[in-house]
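Take a look at the letters that make up each chain.
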Amino acid sequence: MLLAALCCLPLLEFGRAGLRGWSQLIVYPEAFRVRRSHVDAAGVLHEWDDDLIGEAWDHGPLILSWADVQADLDEPDAGYCVAVHEMAHKLDALDGELDGTPPLPARWQHAWARDFQRAYDAFRAQVDAGRKTAIDPYAAEAPEEFFAVVSEYHFSAPALLEEEMPAVAAHLARFYGPPPSL
Ligand SMILES: [Zn+2]
C-alpha cells in the first residue's frame, strides 16, 4: 500500500496513462545484483555485475529495493526517492524513447527539451570540472538520469531544486503538480 502510494505520487497530474504498458512491481529486500553484458565494436563480449536499488524495465516490471525505499522514508527531505526515480523512467519511456522527455503537448515538449538541455549541460560542466554540486552528481550520467534525479528532488527537496535549477523546477511543478512542501 505504502509502495503503491509512493509510486503513484508522480502520477497525480499525469494520471493513469502513466501506468500504461506494465503492471508489475517487484520488491527485493535489499539492493540486488544484475548481470550485464555488452558486445563492443570489436566483437568482444564484456560481462559485469551491477548492484542496483531500483530498475525500470522497458514494458516490464518496476523493481525496488525495500531497504532503500525505507531509507528514503527515514530521511524524506534528503533529495532521494528511488520509487520516484524509477517511476520517472517509466513516464519518460512512454513515448518510446528514454531520453529525459516524457510525452507532452508539442509546445511544452519543445520548451522542456530546451530548458532541460541547458540545465543538464551546465550541470555536467560543473561535475566534469570536479566541482561539488548541491544536486546528486549522478544526474550528469545521461539526460534520462538527469530527469529521474531532479524528479526525486521535486518530491523530497523542492526548495533546493528551485534554487539550483528554477526552469527545471517550474516544468516539474507543472508536470507533477506543486511540490509537497510548497
Ligand atoms: Zn535511473
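Our subject is the structure listed above.
Residues numbered from 1 in each chain as written. Predicted model: local features only at pLDDT ≥ 70, side-chain atom pairs only at ≥ 80, totals over all residues. Heavy atoms only, no water.

**Focus on the side chain of K90**
Link 1 in the chain: Mapped onto the secondary structure, K90 falls in helix α3 (residues 82-93).
Link 2 in the chain: Take K90: its relative accessible area is 6%, and that puts it in the buried class.
Link 3 in the chain: Excluding anything up to four places from it in sequence, K90 contacts W22, A56, W57, H59, G60, P61 and L62. (Helix = DSSP H or I, 4+ residues; strand = E, 2+ residues; numbered from the N terminus. Buried < 20%, exposed > 50% of the residue type's maximum accessible area, 1.4 Å probe, protein only. Contact = heavy atoms within 4.5 Å.)

**Focus on the packing of helix α4 (residues 106-128) against helix α5 (residues 143-156)**
Link 1 in the chain: Across the interface, α4 lies against α5 with an axial gap of 11 Å and an inter-helix angle of 95 degrees. When the axes of α4 and α5 are compared, the pair comes out roughly perpendicular. For the pair α4 and α5, the contacting residues are W112, F116, A119, Y120 and F123 in the first and P143, F146, F147 and V150 in the second.
Link 2 in the chain: Tallied by class, the residues present in the contact of α4 with α5 amount to 9 nonpolar, no polar and no charged. (Axes fitted to C-alpha atoms, helices over the stretch in contact; angles between N-to-C directions. Parallel < 35°, antiparallel > 145°, perpendicular 65-115°, else oblique. Nonpolar A, V, L, I, M, F, W, Y, C, P; charged D, E, K, R; others polar.)

**A short note on the coordination of the zinc ion**
Link 1 in the chain: At this site the zinc ion is bound by H85 (NE2), H89 (NE2) and E145 (OE), with donor distances of 2.1 Å.
Link 2 in the chain: Within one chain, the residues donating to the zinc ion are spaced in sequence as H-x3-H-x55-E. Taken as a pair, H89 in helix α3 and E145 in helix α5 lie far apart in primary sequence, 56 residues in all. Residues H89 and E145 agree in their burial class; the two are buried. (Donors = N, O, S within 2.8 Å, 3.2 Å for Na, K, Ca; no water.)

**Details of the environment of R124**
Link 1 in the chain: Residue position: R124 is located in helix α4.
Link 2 in the chain: Measuring from C-alpha to C-alpha, the distance between R124 and A56 comes to 24 Å, with 68 residues separating the pair along the chain.

**Observations regarding the pattern of salt bridges**
Link 1 in the chain: Throughout the structure, instances matching the rule amount to 6 salt bridges.
Link 2 in the chain: With its nearest N and O atoms 3.8 Å apart, the salt bridge here joins R35 to E47. Here the residue R35 occupies a position in strand β2 (residues 32-39), and E47 occupies one in strand β3 (residues 45-52), the gap between them amounting to 12 residues.
Link 3 in the chain: What makes E47 partly exposed here is its relative accessible area of 47%.
Link 4 in the chain: Between R36 and D50 there is a salt bridge; the shortest N-O distance is 3.1 Å. With a gap of 14 residues between them, R36 in strand β2 and D50 in strand β3 connect regions that are remote in the sequence.
Link 5 in the chain: Here the salt bridges do not stand alone but share partners, grouping R35, E47 and D49 into one network. (Salt bridge = Lys/Arg side-chain N within 4 Å of Asp/Glu carboxyl O.)

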